[in-house]
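# Chain and residue survey
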Amino acid sequence: MIQKNNRFWITMALFLSTFVGAISITIVSTSLPSIVGDIHGVSLMNWVFSIFLLTSVITTPIYGKLSDQFGRKKIFLTGLLIFLMGSFFSGISNNMEILIFWRAIQGIGSAAIMPMTYTIISDIYPFNNKSKLIGINGAIWGISLTIAPLLGGVVVDTFNWRWIFFINIPIIILSICIILLFFKEKNFGIKQKIDYLGIIYLSLFLFSIMYVIQLMDSIPNTMNSIYYLIIISLISLVLFIRNEYRTINPLIPMSLFNNKTFIIQNIIILLMSGFVFGLEIYLPMWIQGIMGLSASFSGLAITPISIFWIVGSFFSGWLLSKSSASYVTIIGSIFTIISAVCLILLSINSSIIYFFVISSLCGIGFGLTITNSTVTSQNIVEQDKIGVATSFNSLSRILGQTFIISILEIVMNRQIKIGTLHSNDEITSTKINEFINYKNHLELSKHLLNSLKNILYNSLHEVFVVCLIIVTLVVIINLFDKKIDK
């Protein structure tokens, strides 16, 4: 058993790793103009963000299986070292192709962070404390994703774009040192053959799916590519499943999917994670664009999500000890449905107070449902499958965030296009982009400002309708779950 003092330091290392892992996803968004201005390659700049997600998704389930086989400590440290190397070489890259390559390496390292932090927390904490720590870790992830673009802007303005990668280095080195000093893990004696074929098939499937998601916003121009990728993904999925049933040591044991609760909880976290990401992107857009308030206000308005996420996670652990996972999800869904209904009822003149209330309700709902999903996915599998189950849960999160954000982006762009076509004013997408930045409001006439507000309001309203549909699906899917015997 890990000593309490050691447990504290290990937890701090996990939280630090979670912070840098999360900020690395979105910190480049505000830095891309500076990167392109320095090393050029504007046609490839979207890949600086996309390649990180692609490699993260592909390698996430692999880390889980390897940690069950070789131990959490070795695999976590390996991931951190790869992430460290990717961060350093991204920072010294002198052309876009090299930067994209090292961002891919950084993504491979980052993929170890989310599943390993949750798995190690599960290993070192008893059940009654596990959900609290998982909730705090989830809140840190959410806060980091939110502040990363702002942090990236500050770093670029103060130093230069290379420091958005260099700032990871001292934090990761500190985390590695703490893990080496304080994490004393029992030796994992099971050494089995690695499922290389499974890794190849799963990587091909996930790459195809993720690439389809990246191309969705360019339909119909990319329709042919999407057809081919869907065919490749289906073939690779069939081959993967066939291989997993036949191999002695499968990458993802198919027996996990014999458990209805495991399947349902992972679908729920997929949908909820997309909803979380959607709120953290589109609520600030409303506050800055429609209300004309600063980025600081928009950040402040969504801060309750993270605070009440922790509160919800505390209650999640207590409720799980008293009832089943499905009941905890029902309670969490009530909070998220109320908040989603409030979102679509917002008027164009709504006060910022409403956003604090909505964020608080969402935070409680996320704390209950998402924490419950992670803990339940760990508790209903055998000890030797905790790593792979947690990694699959993390994979569901990333896929949900990426897929649902793509859907919301399509809805948003479609509605903006409709709004500009039906507007009597000469409004272009460029004008919309300028308007979303509150600093440009003073340069616009009152008449044009009102027209732009209406277009953005209608677009965000449609986005929030889709968010309500997502939460409703969570409730419906949860109804198929069964009570877990305690």
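Provided above is the structure to which this section pertains.
Residues numbered from 1 in each chain as written. Predicted model: local features only at pLDDT ≥ 70, side-chain atom pairs only at ≥ 80, totals over all residues. Heavy atoms only, no water.

## Structural notes on the packing of helix H12 (residues 260-289) against helix H16 (residues 386-421)
Between two packed helices, the angle of one axis relative to the other and the distance separating the axes together describe the packing. For the pair H12 and H16, the least separation of the axes is 7 Å and the interaxial angle reads 45°. In this view, H12 runs oblique relative to H16, as classed from their interaxial angle. The handedness of the crossing between H12 and H16 is right-handed. The class makeup of the residues in the contact of H12 with H16 is 16 nonpolar, 8 polar and 2 charged. (Axes fitted to C-alpha atoms, helices over the stretch in contact; angles between N-to-C directions. Helix = DSSP H or I, 4+ residues; strand = E, 2+ residues; numbered from the N terminus. Parallel < 35°, antiparallel > 145°, perpendicular 65-115°, else oblique. Left-handed = near helix turned anticlockwise from the far one by under 90°. Nonpolar A, V, L, I, M, F, W, Y, C, P; charged D, E, K, R; others polar.)

## Quick word on the pattern of salt bridges
Evaluated as defined, the whole model comprises 4 salt bridges. A salt bridge links Asp38 to Arg162; its shortest N-O distance comes to 3.6 Å. Here Arg162 lies in the loop between helix H7 (127-158) and helix H8 (163-166) and Asp38 lies in helix H2 (residues 32-39), a separation of 124 residues in the sequence. Given a relative accessible area of 40%, Asp38 falls into the partly exposed group. Across the pair Arg72 and Asp68 runs a salt bridge whose closest N-O atoms are separated by 2.6 Å. (Salt bridge = Lys/Arg side-chain N within 4 Å of Asp/Glu carboxyl O. Buried < 20%, exposed > 50% of the residue type's maximum accessible area, 1.4 Å probe, protein only.)

## Looking at the packing of aromatic side chains
Applying the stated criterion to the full structure yields 18 aromatic pairs. Between Trp163 and Phe166, the ring centres sit 5.4 Å apart and the planes meet at 85°, which makes this aromatic pair edge-to-face. Of this pair, Trp163 and Phe166 are both found in helix H8, 3 residues apart, which corresponds to roughly one turn of the helix. For Trp163, a relative accessible area of 38% corresponds to the partly exposed category. Exposure remark for Phe166: the relative accessible area of 17% places this residue in the buried category. Linked through ring pairs, Phe88, Phe89, Phe101, Trp102, Phe159, Trp163 and Phe166 together constitute an aromatic cluster. The residue whose ring lies beneath Arg7 is Tyr125, and the NZ or CZ to ring-centre distance is 5.1 Å. Lying across the ring of Phe314, Lys132 places its NZ or CZ 5.7 Å from the centre. (Phe/Tyr/Trp six-rings, centres within 6.5 Å; stacked < 30°, edge-to-face > 60°. Lys NZ or Arg CZ within 6 Å of the ring centre and 35° of its normal.)

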